Amino acid sequence: MKPVTLITGGSTGIGAATAQSLLKQGHRVALTGRDADKLANFSAAQDAGDDIMTLPGDTADPAHVQSTVRLVTQSWGRLDGVVVNAGFSLPGTLMDHPPEAMRAMVLTNVLGPALVVRECIPHLKDSRGRLVLLGSVAGAKHTPNNLYSVTKWAVHALAENTRLAVTGDGVGVTLVAPGKVDTPFWDVRGGLPDGPAMSAQDIANCIVFALTQPPGIDINQLHVRPIGQVN
């Protein structure tokens, strides 16, 4: 039976690269994202037939998360892996952000992962599956006036909190915390900064590594920087 993996934020960047890798390994993959056209275009380009499912919506919306998990499990009968990747940053610093933009980022980057965890864990217990949460090196070191960093600190806490809760049930939980990655993430911040950077595929390889560990092995944290990135 083909493994089933759900990826949030799966239409571009790290999420899309992970989906491509898993499809090549024989997984069925369900992708969420807020841009229905990007999801449809990505899905059409994979030529994966019934092994790919796209579910447009906002992971900060409890109803969307509930319906997504229900549709995936009802359609494919199981859920073996979950990659919580959806998130975004804002231009400027905390001192510049409009309050409503701050609210949207906190809801997507913090509430969204918590909602996905809540809905998926019962199914991962059934399959003794694996959960991967995308953090950031910004969630492991402080930078001034960086609200995105604050949201990623919360994701790091959620990963360990969840691991403690479910490791006795046979569920693996991994935090993947990348450094600088060349993805559309940087578009709102004026483009990729100078200096070394990794590709989305580099991080997808780490995620697949965590998801495909043998039974009994749980990779808890992967902090990944390009050589040359100091902070």
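Residues numbered from 1 in each chain as written. Predicted model: local features only at pLDDT ≥ 70, side-chain atom pairs only at ≥ 80, totals over all residues. Heavy atoms only, no water.

A. Inspection of the environment of glycine 15 at higher detail. Take glycine 15: it is sitting in helix H1 (residues 13–24). When residues no more than four places from it in sequence are discounted, the contact partners of glycine 15 are Ile7, Gly9, Gly10 and Asn85. (Helix = DSSP H or I, 4+ residues; strand = E, 2+ residues; numbered from the N terminus. Contact = heavy atoms within 4.5 Å.)

B. Representation of the packing of helix H3 (residues 62–76) against helix H4 (residues 99–127) in the model. In the contact formed by H3 and H4, the axes pass within 9 Å of each other and the chain directions differ by 25°. As far as their axial angle goes, H4 and H3 are roughly parallel. Note on packing geometry: the crossing formed by H3 with H4 is right-handed. Here Pro62, Val65, Gln66, Val69 and Thr73 of H3 come into contact with H4, specifically with Leu115, Val116, Arg118, Glu119, Cys120 and His123. A class-by-class count of the residues in the contact of H3 with H4 yields six nonpolar, three polar and two charged. (Axes fitted to C-alpha atoms, helices over the stretch in contact; angles between N-to-C directions. Parallel < 35°, antiparallel > 145°, perpendicular 65-115°, else oblique. Left-handed = near helix turned anticlockwise from the far one by under 90°. Nonpolar A, V, L, I, M, F, W, Y, C, P; charged D, E, K, R; others polar.)

C. Spotlight on unusual backbone geometry. Notably, aspartate 47 is not glycine yet its phi reads approximately 55°, a positive angle. Looking at where aspartate 47 falls in the secondary structure, it is placed in the loop between helix H2 (36–46) and strand S3 (52–56). The exposure class of aspartate 47 is exposed, given its relative accessible area of 73%. (Buried < 20%, exposed > 50% of the residue type's maximum accessible area, 1.4 Å probe, protein only.)

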